[in-house]
Amino acid sequence: MNEEFMGTVKELVTSEAFGIWYLIGAALVFFMQAGFAMVETGFTRAKNAGNIIMKNLMDFCIGTVMFIGIGYGLLCGTDINGIIGNPDYSLFSGYYGFNFSSFVFNLVFCATAATIVSGAMAERTKFISYCVYSAVISAVIYPIEAHWIWGGGWLVQLGFHDFAGSCAIHMVGGIAALIGAKMLGPRIGKFETDKNGKVTKVKAIPGHSLTIGALGCFILWFGWYGFNGAAATSGPQLGSIFLTTTVAPAVATVVCMIFTWVKYGKPDVSMCLNASLAGLVGVTAGCDVVDCAGAAIIGGVSGLLVPFGIWLLDYKLHIDDPVGAVAVHMMNGIWGTLAVGLLATPTAPGYSIVDNAGVQLEGLFYGGGAKLLGLQALAVLSVGAWTAITITVTYLIIKKIFGLRVTSHEEVVGLDIEEHGLASSYSGFVMAVDTESYVAAGEPVPEEKAVSIVYEPTVHESFGESKFSQVSIICRQSRFEKLKKSLADIGVEGLTTTQVLGCGTQKGAGEYYRGTPVEPTLVPKIKVDVVVCKVPVKDVIETARKALYTGHIGDGKIFVYNVRDVVRVRTGEIGYDALQDAEA
């Protein structure tokens, strides 16, 4: 009797503990909204940061309203012919006995499906249009197909397996992103076309902060332990899920790093961040039924799908996806779903894949035959078709009523100011680029190439011989303080500075962003003007060269001009005397 009582207590404690973990997992999935917001913000331009933050906030809030109104019932309501759930409003009519945990858990997953779309359509979508299609995804598109998979619908009855959403969430969001990006068209300046509209050149549009993007990536990875692990029902199963959720993204990132290093000469930071997420997406469907080797295989393929997907969209399909949502979510959602049919193994704790006759199904590579793989492929096709049709109709209706894309003026100026009246998301900060961080690849070059000198030795013949020289120095912002101190050390203390913009390229040493060559862009420089008489011009030049030299093209330029005369406004002093408090 005592053993029976203790067994009952242990069972209750275990059930209660995993019930609490279930809600903690839901909270981690909600926190992933911050990760999506940071990745999308960092991978796009600063002028649209506020708009992106607002979209990521509102897709959860609007999604909650729609999920309460209709989405939850369609997903979790009593099954109707394996197609949809019966709309259920017991949240209002029977609150005392309502399954609160199930509602919250399914809600945060629904919000994830909606937010995936945002990144591929970033920087050019009308805010009202985004709100509308986000609402439709949360109300109808996601809940119905998720019912097929998790709500007792026809796919789960057949034996289809998607533990945490490679198909139900990521593939669905990725397909919606692909179609939306295609219908919107590329951002201004992404592609160059000839007179017939044929794309002749792909241009890189770098995001404004990979630091923010990396923060988002780590937040997402952290939240993914809840995304994949929240539905675990035992300690060993949870441990196995944590292991596969760690191995797959790690392998994917290493594979992507090696591939981009070989392909482009340097490991690509943004694509490696994408690869981490791709590995997580890929292992999501089978995180509970694959072993460590299976997770590594999933990660390896995911790491290659990222650069392939980005290349395919840029160079073949000519679809502009600023954050890589299609490569990460659609391609790896499909791959992860199919991978279950290849790599599912009953050695995983809590393995429970069975068909509608109760027969256990296993992956093809583990001797289980092709039946499970066929079911996984059937789900990819059916859910993909449902998503493609419904989201296309949604976009077409929105385009007809509101329009999908902002005007060219709004896009160029930025959606922060045009859509939200926000002058800048970084008020009080100067969005300057430290050009020293962007020196071109290659061996250091001699001083005369890194800091070139241009002499303008003559003046108009009526001026006569010049007694003074003006030295104009254009340099990196990061070198200004060193230059100022060095000039002061030789007696030049009076100088004028101007903020300027400049650009240039180093021939034969290209830079790449996400596999696309980066063209020169205007970057902030400082122009320093000094007029000297007593201090030899040669000393000023040599001092400036030493202060500015880093060994790379782009260190700066020095221009030397003759000056006819100098007048001090305050005292009327002329010539040499007018310079005496500027030179020692």
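Residues numbered from 1 in each chain as written. Predicted model: local features only at pLDDT ≥ 70, side-chain atom pairs only at ≥ 80, totals over all residues. Heavy atoms only, no water.

1. Observations regarding the overall build of the protein
- The number of helices and strands found in the protein is 18 helices and 11 strands.
- Relative to its 584 residues, the protein shows a buried fraction of 50%.
- In the protein, the share of contacts with a sequence separation of at least 24, taken over all contacts with a separation of at least 6, comes to 77%.
- Roughly 26100 Å² of accessible area belongs to the protein as shown, and the carbon and sulfur atoms make up 64% of that amount. (Helix = DSSP H or I, 4+ residues; strand = E, 2+ residues; numbered from the N terminus. Buried < 20%, exposed > 50% of the residue type's maximum accessible area, 1.4 Å probe, protein only. Contact = heavy atoms within 4.5 Å. Areas by Shrake-Rupley, 256 points an atom, 1.4 Å probe, with all protein chains shown as cover.)

2. Here's the deal with the packing of helix 7 (residues 166-184) against helix 13 (residues 371-401)
- Contact pair helix 7 / helix 13: the axes reach a minimum separation of 9 Å and the direction vectors enclose 40°. Between helix 7 and helix 13, the angle is such that the two are oblique. With respect to the hand of their crossing, helix 7 and helix 13 are arranged in right-handed fashion. Every residue of helix 13 that contacts helix 7 at Cys167, Met171, Val172, Ile175, Ala176, Ile179, Gly180 and Met183 is listed here: Ala379, Val380, Val383, Gly384, Thr387, Ala388, Ile391, Thr392, Tyr395 and Leu396. (Axes fitted to C-alpha atoms, helices over the stretch in contact; angles between N-to-C directions. Parallel < 35°, antiparallel > 145°, perpendicular 65-115°, else oblique. Left-handed = near helix turned anticlockwise from the far one by under 90°.)

3. Examining the side chain of Arg124
- By the element assignment, Arg124 lies in the loop between helix 4 (100-120) and helix 5 (127-150).
- Within polar-contact distance, the side chain of Arg124 engages the backbone oxygen of Ala122 at 2.9 Å.
- A polar atom in the side chain of Arg124 sits 2.7 Å from the backbone oxygen of Gly185.
- Residue contacts for Arg124: discarding those within four places in its chain leaves Ala181, Leu184, Gly185, Pro186, Arg187, Asp320, Pro322, Leu404, Arg405, Val406, Glu411 and Leu415. (Polar contact = N/O pair within 3.5 Å; in protein donor to acceptor, adjacent residues only side chain to side chain.)

4. Some remarks on the pattern of salt bridges
- Within this structure, the stated rule accounts for 12 salt bridges.
- A salt bridge links Glu40 to Lys55; the nearest nitrogen and oxygen atoms lie 3.8 Å apart. A residue pair is termed long-range when its members are at least 10 positions apart, and Glu40 in helix 1 (residues 2-42) and Lys55 in helix 2 (residues 49-76) qualify at 15 residues.
- Note that Glu123 and Arg187 form a salt bridge whose closest N and O atoms lie 2.5 Å from each other. (Salt bridge = Lys/Arg side-chain N within 4 Å of Asp/Glu carboxyl O.)

5. Points about the packing of aromatic side chains
- Counting across every chain of the model gives 21 aromatic pairs.
- Taking the centre distance of 5.8 Å and the plane angle of 55° together, the rings of Trp148 and Trp154 count as tilted.
- Three or more aromatic residues joined by ring pairs make a cluster, and in this case those are Tyr22, Phe105, Phe109, Trp150, Trp224 and Phe227.
- In this structure, Lys55 is placed above the aromatic ring of Tyr130, and the distance from its NZ or CZ to the ring centre is 5.2 Å. (Phe/Tyr/Trp six-rings, centres within 6.5 Å; stacked < 30°, edge-to-face > 60°. Lys NZ or Arg CZ within 6 Å of the ring centre and 35° of its normal.)

6. Focus: the environment of Gly73
- With respect to the helices and strands, the residue Gly73 is situated in helix 2.
- Between the alpha carbons of Gly73 and Pro143 there is a distance of 8.2 Å; along the sequence they are 70 residues apart.

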